[in-house]
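If you want the building blocks of each chain, they are given just below.
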Amino acid sequence: MNPQEQFKKDCESEIASQAADAEFQRLSRAWMDRAQKLRYSYHFRWLGRPIIQYPGDIIAMQELIWNIQPDLIIETGVAHGGSVIFYASLLELIGKGEVIGIDIDIRAHNREAIEAHPMMKRIRLIEGSSLAPEIADQVKAAAKGKRVMVVLDSNHTHDHVFCELDLYAPLVSVGSYCVVMDTVVEDMPDDLFGDRPWGPGDNPKTAVHAWLASHPEFAIDRDMDARLALSVAPDGYLKRIA
């Protein structure tokens, strides 16, 4: 066994131990609850723009994008633009590809900052509901014949995410991923979400499990969950296997 193979084998064993460590899992869960109260994920930027993601998920997405080498990344939910710029910068390193960012309301100051960014050359912004047929049709046309990855990170209610999965997950290439963000809502106390329309029982994770029940071509990447421990997307890294 060469050193690289040995390192990989050691990591696999350590990840299995990490996943089986009940105290580590309990502490990770408690840390996530506390971090949500402190708005921890709001305090990071990618190439100058707020990304509103946890560092572990940022690294995980980098790994996936490098391994998949997609031609197109579709993200629902743009906010301040950090994520679309992050994905675009990785595609720039790869040397190909485009990011489509869809949001029902791309605020003028955010659009201005994104459009002025050097990575805008690999970004297409679409304003409107991700569920609107004309927008879904536009994205489907852009995805035709391409290696596609999808990230769902807009409205986090069960019904909205379920509909997004129906519309955009079929565009994902075999071996690629549909990543559903904020599935962690299901595992958190209800009082952490204020007046938001989502919470335990009505969120991306409930949508994922309901949708997967009739879509065996996708599977939850349990290895990713085991490795990350601290993630906004437990059960949300969905790999297309067929």
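These numbers come from a predicted model, not from an experiment. (Residues numbered from 1 in each chain as written. Predicted model: local features only at pLDDT ≥ 70, side-chain atom pairs only at ≥ 80, totals over all residues. Heavy atoms only, no water.)

Trainee: What's the story with the overall build of the chain in this structure? I'm lost.
Mentor: A count of helical and extended segments in the chain gives nine helices and nine strands. Whereas a compact globule of 242 residues would reach a radius of gyration of roughly 18 Å, the chain reaches 18 Å, a difference of no more than 12%. Counting only C-alpha atoms, the chain reaches 50 × 45 × 40 Å along its principal axes. Counting all 242 residues of the chain, 48% fall into the buried class. Within the chain, residue pairs in contact and separated by at least 24 positions form 71% of the contacts whose partners lie at least 6 positions apart. Accessible surface computed for the chain: about 11,700 Å², of which carbon and sulfur atoms make up 53%. Averaged over its 25 positive side-chain charges, the chain has a centre that lies 4 Å from the centre of its 36 negative ones. (Helix = DSSP H or I, 4+ residues; strand = E, 2+ residues; numbered from the N terminus. Rg over C-alpha atoms; globule rule 2.2 N^0.38 Å. Buried < 20%, exposed > 50% of the residue type's maximum accessible area, 1.4 Å probe, protein only. Contact = heavy atoms within 4.5 Å. Areas by Shrake-Rupley, 256 points an atom, 1.4 Å probe, with all protein chains shown as cover. Lys, Arg positive; Asp, Glu negative; His and termini not counted. Charge placed at Lys NZ, Arg CZ, Asp CG, Glu CD.)

Trainee: Can you walk me through the packing of helix H3 (residues 55-68) against helix H4 (residues 82-94) in this structure?
Mentor: Helices that pack against each other are described as a pair by the angle of their axes relative to one another and the distance between those axes. Running from amino to carboxyl end, H3 crosses H4 at an angle of 35°, the nearest separation of the two axes being 10 Å. Note on packing geometry: the crossing formed by H3 with H4 is right-handed. Listed contacts from H4 to Ile58, Met61, Gln62, Ile65 and Trp66 of H3 are Phe86, Tyr87, Leu90, Leu91 and Ile94. Residues belonging to the contact of H3 with H4 are distributed by class as follows: nine nonpolar, one polar and no charged. (Axes fitted to C-alpha atoms, helices over the stretch in contact; angles between N-to-C directions. Left-handed = near helix turned anticlockwise from the far one by under 90°. Nonpolar A, V, L, I, M, F, W, Y, C, P; charged D, E, K, R; others polar.)

Trainee: I'm lost on the nonpolar core in this one. Help?
Mentor: Formed by 42 residues in total, the largest nonpolar core has its most connected members in Met61, Leu64, Tyr87 and Tyr237. Among the elements that take part in this core, H4 stands out by supplying eight residues, more than any other. When near neighbours in sequence (up to four residues on either side) are disregarded, Tyr87 contacts Met61, Ile65, Ile73, Glu75, Val99, Val151 and Met181. Counting 29 residues, the second-largest nonpolar core is a separate cluster that includes Leu72, Ile100, Ile126 and Ala207. (Core = buried A, V, L, I, M, F, W, Y, C linked by side-chain atoms within 4.5 Å.)

Trainee: Could you clarify how one ought to interpret the environment of Thr183 in this entry?
Mentor: Note that Thr183 resides in the loop between strand S7 (177-180) and helix H8 (204-212). Thr183 sits 163 residues away from Ala20 along the chain, and the two C-alpha atoms are 21 Å apart.

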